[in-house]
Amino acid sequence: MYFRHLDKVLKNHFKKRREILVLLGARQVGKTTILKKIFPSAFYLSVDNEPVRRNLNLFDVSVYRQMIPPVEKIIVIDEAHLLDDPGRVAKIFFDQIPDKKLILTGSSSFRIKNKTSESLAGRKIEYYLYPLTLLEYLNQKNILSIEGFPILENIIKKENLEEKKYYSFDLEGVLDNLLVFGLYPALVNQPNDVLYLKNLADSVVFKDLLDLSLIENTQVAKDLLTLLAYQIGNLVNYSELATKLRVDERTVKRYFQIFEQSFIIFTLPPYLGKKRDEIAKMRKVYFYDLGLRNSLIDNFKPVNIRVDEGALFENFIIAEILKENYYSGLGFNLYFWRTKQGAEVDLVLEKDDQLIGVEIKTHHKKLSKAFKNRFPWAKLVGVNKENFL
């Protein structure tokens, strides 16, 4: 069963509102697939098609009307970020062809966010599609058919997570495979496809970012992304990265931002309890998908013989919680907490009067007392490979 958490939200969009539906996400996360499932009769304009791109870039409503059969009600402009000005195109559709419902997709939020913010103010609703969640993967593989957001919900609802859970399938085996090959939808039917992941990594840097003219030096960009792949779960030091790459710090910061805007990496800011001994500025970096990360460092060895198993599991849990938090609409703010003396909590969830510290370890370990000593009203839970689901 092809299940995605966004199914119901996207299906109900035009039932409740007229605004343009903007679906953003990395390459190959299934944007076109989910739209074709939910809107099977929609009319698609792929900007990858040069005549389509050329005609849309004319910004002429009479041309647009000729491109679309009169009977079509829902129009999808696929890969809209490749247009010269996607916001201007969308505004013409919205204002001058009001009988059509418009959907935009984009593999990079960089141009869409920077070129549509003014022209589409009040005219669009953005949705984000990420690589599969664990639950989406298990559903699509027909391993486990349940809905919800179990990892995040377990952390929120339970004071103490059970130390071991039992299922009718090999959860640890599934997890260890996902830590290596990731959760891109193609891998549901093409398991352990190293060639696919390597081509995906190349296309992300070479095709997408070059097509958008966002980077001048491809080698520096790929070297930076590779360095970040080795540093998952660590603090980002722009000066140190610039020194290693022999480029200026501004270039590193700009490329880093592009990688974030392109849904390749994300960061956690530090949680500040207004104490001088807490890390106050630097962020920790993670990858949205571990298969892409492992392809960048060319390491697809089994988890049990790797030195980075702990970092992989931490990245996996935090990425899952980030996705579940978004799809569920629970609205937690995500942080990490660390003092200059070395006390640390991998993930902090904060919303209203709720404060939850999450220590992520591959195996059960005694929880640190430092976080509870600093924030006695907070909840602290330990997540490991045996109790996370």
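In case you missed it, the structure is sitting above this.
Residues numbered from 1 in each chain as written. Predicted model: local features only at pLDDT ≥ 70, side-chain atom pairs only at ≥ 80, totals over all residues. Heavy atoms only, no water.

The next thing to look at is the sheet that holds strand β1 (residues 20–24). The strands making up a sheet associate through backbone hydrogen bonding, with each pair oriented either parallel or antiparallel. Pairing is parallel in the open sheet, where five strands are placed in the order β2-β3-β4-β1-β5. Because the sheet does not close on itself, it has two edges, and the strands there are β2 (43–46) and β5 (124–128). Sheet twist, expressed as the mean angle between neighbouring strand axes with direction ignored, is 20°. (Pairing = 2+ DSSP bridges. Helix = DSSP H or I, 4+ residues; strand = E, 2+ residues; numbered from the N terminus. Axes fitted to C-alpha atoms, helices over the stretch in contact; angles between N-to-C directions.)

When helix α13 (residues 238–245) is considered as a whole, its buried residues turn out to be Leu241, Ala242 and Leu245. Down the axis of α13, the sector holding all buried residues measures 100°, keeping them to one side. Facing away from the buried surface of α13 by more than 90 degrees, the exposed residues are Thr243 and Lys244. Against the buried residues of α13 lie α12 (218–230) and α14 (249–261). Near the N-terminus of α13, the side chain that reaches the backbone nitrogen of Ser239, with its oxygen 3.1 Å away, is that of Asn237. Positive phi shows up at Arg246, right after α13, with a value of about 60°. (Buried < 20%, exposed > 50% of the residue type's maximum accessible area, 1.4 Å probe, protein only. Arc of directions from axis to C-beta. Contact = heavy atoms within 4.5 Å. Polar contact = N/O pair within 3.5 Å; in protein donor to acceptor, adjacent residues only side chain to side chain.)

It is the contact of helix α8 (residues 150–157) with helix α16 (residues 309–328), at a shortest axis distance of 8 Å, that shows an interaxial angle of 90°. In terms of orientation, α8 and α16 fall into the roughly perpendicular class. Facing α8, whose interface residues are Pro150, Ile151, Leu152 and Ile155, α16 presents Glu320, Ile321, Glu324, Asn325 and Ser328. Looking at the contact of α8 with α16, its residues break down into five nonpolar, two polar and two charged. (Parallel < 35°, antiparallel > 145°, perpendicular 65-115°, else oblique. Nonpolar A, V, L, I, M, F, W, Y, C, P; charged D, E, K, R; others polar.)

Turning our attention to the nonpolar core. A general trend in soluble globular proteins is that nonpolar side chains are found buried together. Counting 131 residues, the largest nonpolar core has Leu56, Tyr64, Ile77, Phe93, Phe259, Leu349 and Phe388 as the members making the most contacts within it. Here this core gets nine residues from one element, more than from any other, and that element is α16. For Phe259, the contacting residues outside a window of four places in its chain are Leu209, Ala221, Leu224, Leu225, Leu228, Ile264 and Ile265. (Core = buried A, V, L, I, M, F, W, Y, C linked by side-chain atoms within 4.5 Å.)

So, on to the pattern of salt bridges. Following the criterion strictly, the structure yields 22 salt bridges and no others. For Lys37, the salt bridge is made with Asp7, and the minimal N-O distance between the two is 2.7 Å. Taken together, the residues Lys37 in helix α2 (residues 31–38) and Asp7 in helix α1 (residues 7–16) connect sequence positions 30 residues apart. Taking the relative accessible area as the measure of exposure, Lys37 reaches 36% and is therefore partly exposed. Linking Asp248 and Arg250 is a salt bridge whose minimum nitrogen-to-oxygen distance equals 3.9 Å. Judged by its relative accessible area of 37%, Asp248 falls in the partly exposed class. (Salt bridge = Lys/Arg side-chain N within 4 Å of Asp/Glu carboxyl O.)

Time to look at the sheet that holds strand β8 (residues 333–338). The strand order β8-β9-β10-β11 describes an open sheet built from four strands, whose pairing is mixed. Taken across any chain shown, the strands that pair with only one partner, and hence form the sheet edges, are β8 and β11 (379–383). Each strand of the sheet is rotated relative to its neighbour by a mean of 30°, with strand direction disregarded. Sitting on the sheet, α8 touches β9 (344–351), β10 (354–360) and β11, and the angle it makes with β11 is about 140°. Across the sheet, α16 lies against β8, β9, β10 and β11, angled at about 5° from β9, the strand it touches most.

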